[in-house]
Amino acid sequence: MWMNLFNPSDTDEVAKKILQKGEIVVLTGAGISTESGIPDFRSPDGIWSRYDFTEYATIDALLKNPVKVFGFFKEFIDPLKTASPNKAHYAVARLEEAGIVKAVITQNIDNLHQKAGSKNVVELHGNATVARCMGCRKLYPLKELESEKYGFPPVCPDCRKLIKPDVILFGEMLPEDALKSAYQYSMGTKLMLVIGTSGTVAPASALPHLAKRSGADIVEINLEPTIITKSVTDYFLQGKAGEIMNELAGKILG
Ligand code: NAD
């Protein structure tokens, strides 16, 4: 079972370390958004406990049965529309504004870092608040898509290919520019703050290793130890991201 073992004094050393390094890079996963009411995928009540991802979240599944996969998209995306950033997203944004966070690399598709005010966000898996044509790559507002203006499942009026939420499904390539930036930031940083990821989805899971090999310290915040904790983490803060990040940003920013 998940445990909140966080003790505020645990952040003292990490705050000092971050101030010493001056600039850091943040890597986030679904766990930073659970306190905003968006479930992660792999927790006991996560979405994969109800859906087999091979049937709903792969490019093959979409092409084989778009109506079924669009039903899944709806269930996943609806809560994102009204979700608000939590203390962890705001703390990351405040640290960026203060010049300490150089970039946020996120696996999330919920747009909450941007809503909180983060400017330099590298989205590895896309953004579910917009839609994109799979043929000509034209972007569409999600609400136009849902109005069924373009049919159901929606088809691009320009090239007649399927329009889908702008998220990366299993079996699809990651956006090249985002991946390149993520590698560069990971190799260039002296400290990586890893928040709320199980470290099981490649290639994001490789980034803390890359940062570590390039000489960075790794600070990890999670409710429970992960595969990252055991392999590369230097400082592990166990507990809720919102609480820990709020405390940490307070100590760094004074
Ligand atoms: P994951 O579901 O594999 O793991 C989530 C991790 O966050 C777990 O280790 C869990 O212990 C931790 N966690 C949960 N709540 C936390 C909290 N309050 N504070 C600190 N830690 C917490 O997530 P992942 O590693 O990001 O990989 C899942 C994939 O699913 C990603 O590719 C992502 O694109 C996608 N996804 C995104 C969202 C979103 O956009 N919010 C939500 C679910 C899944």
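Going along each chain's sequence as written, the residues are numbered from 1 onward. The predicted nature of this model means local features are confined to residues of pLDDT at least 70 and side-chain atom pairs, given and counted, to a pLDDT of 80 or more, with totals for whole chains, interfaces and linings taken over all residues. Here the side-chain values reflect all heavy atoms present in the structure, with hydrogen atoms and water set aside.

Draft legend 1. Just the packing of aromatic side chains, in detail. The aromatic pairing rule takes the rings of Phe, Tyr and Trp, using the six-membered ring of Trp, and pairs them if the centres are within 6.5 Å, calling planes under 30 degrees apart stacked, those over 60 edge-to-face and the rest tilted. If you walk through the whole model with that rule in mind, you get eight aromatic pairs. Aromatic pair F72 and F73: ring centres 6.4 Å apart, planes at 40°, arrangement tilted. Residue exposure (1.4 Å probe, protein chains only): buried if accessible area is under 20% of the type maximum, exposed if over 50%, otherwise partly exposed. Since its relative accessible area comes to 5%, F72 is described here as buried. Among the residues examined, F73 registers a relative accessible area of 5% and is labelled buried. Between Y140 and Y150, the aromatic rings sit 5.1 Å apart at their centres with planes inclined by 65°, giving edge-to-face as the arrangement. Placement of Y140 in strand β5 (residues 139–141) and of Y150 in the loop between α7 (142–146) and β6 (163–167) is noted, with a sequence separation of 10 residues between them. Secondary structure elements are taken from DSSP: a helix is a run of H or I of four residues or more, a strand is a run of E of two residues or more, and numbering for both begins at the N terminus.

Draft legend 2. Representation of the sheet that holds β5 in the model. Pairing is antiparallel in the open sheet, where three strands are placed in the order β5-β4-β6. Edge positions in the open sheet fall to β5 and β6, since each of these has one partner strand only. Pairs of neighbouring strands in the sheet enclose a mean axial angle of 50°, with direction left out of account. Residues count as neighbours in contact if any of their non-hydrogen atoms are within 4.5 Å of one another. Note on geometry: axes are lines fitted to C-alpha atoms, helical ones only across the stretch in contact, with angles between N-to-C directions running from 0 to 180 degrees. Each of β4 (126–133) and β6 is contacted by helix α4 (residues 66–82), which is oriented at about 50° to β6, the strand it contacts most. What makes two strands pair is DSSP finding at least two bridges between them.

Draft legend 3. Representation of the packing of helix α5 (residues 87–97) against helix α11 (residues 241–253) within the structure. With their axes 7 Å apart at the nearest point, α5 and α11 run at an angle of 25° to one another. When the axes of α5 and α11 are compared, the pair comes out roughly parallel. The interaxial crossing formed by α5 with α11 has left-handed handedness. Judged by residue contacts, K87, A88, A91, V92, R94 and L95 of α5 engage A241, G242, M245, N246, A249, G250, I252 and L253 from α11. Three classes are used: nonpolar for Ala, Val, Leu, Ile, Met, Phe, Trp, Tyr, Cys and Pro, charged for Asp, Glu, Lys and Arg, and polar for all others, with Gly counted as polar. Residues belonging to the contact of α5 with α11 are distributed by class as follows: nine nonpolar, three polar and two charged. Comment on the angle field: the value is read as roughly parallel under 35 degrees, roughly antiparallel over 145, roughly perpendicular from 65 to 115, and oblique elsewhere. We call a crossing left-handed when the near helix sits turned anticlockwise from the far one by less than a right angle, and right-handed when that turn is clockwise.

Draft legend 4. Inspection of the domain arrangement of the protein at higher detail. The domain limits used here are those given by an automatic or database domain assignment. Taken domain by domain, the protein consists of domain 1 (1–38 + 85–125 + 174–254) and domain 2 (39–82 + 127–167). One C-alpha centre belongs to domain 1, the other to domain 2, and the line joining them spans 27 Å. Listed as interface residues are 15 residues of domain 1 and, on the opposing side, 12 residues of domain 2. Should a side-chain nitrogen of Lys or Arg be within 4 Å of a carboxyl oxygen of Asp or Glu, the pair is scored as a salt bridge. One can count zero salt bridges joining domain 1 with domain 2. For this analysis, a polar contact is any N or O atom pair within 3.5 Å, provided that within protein one partner can donate a hydrogen and the other can accept it, and provided that sequence-adjacent residues contribute only side-chain to side-chain pairs. Summed over the shared surface of domain 1 and domain 2, the number is three residue pairs in polar contact (both at pLDDT 80 or more).

Draft legend 5. Local environment of the sheet that holds strand β8 (residues 217–222). Pairing is parallel in the open sheet, where six strands are placed in the order β3-β2-β1-β7-β8-β9. Strands with a single pairing partner mark the edges of an open sheet, and in this sheet they are β3 (121–123) and β9 (235–238). Taking each pair of neighbouring strands and ignoring which way they run, the sheet shows an average axis angle of 15°. Here strand β1 (residues 24–28) runs beside strand β7 (residues 191–195); their pairing, made up of four bridges, is parallel. Paired with V25 across the two strands is M192, which belongs to β7. Against the sheet, α5 engages β1, β2 (101–106) and β7, with an angle of about 145° to β2. Running at roughly 150° to β7, α11 makes contact with β7, β8 and β9 of the sheet.

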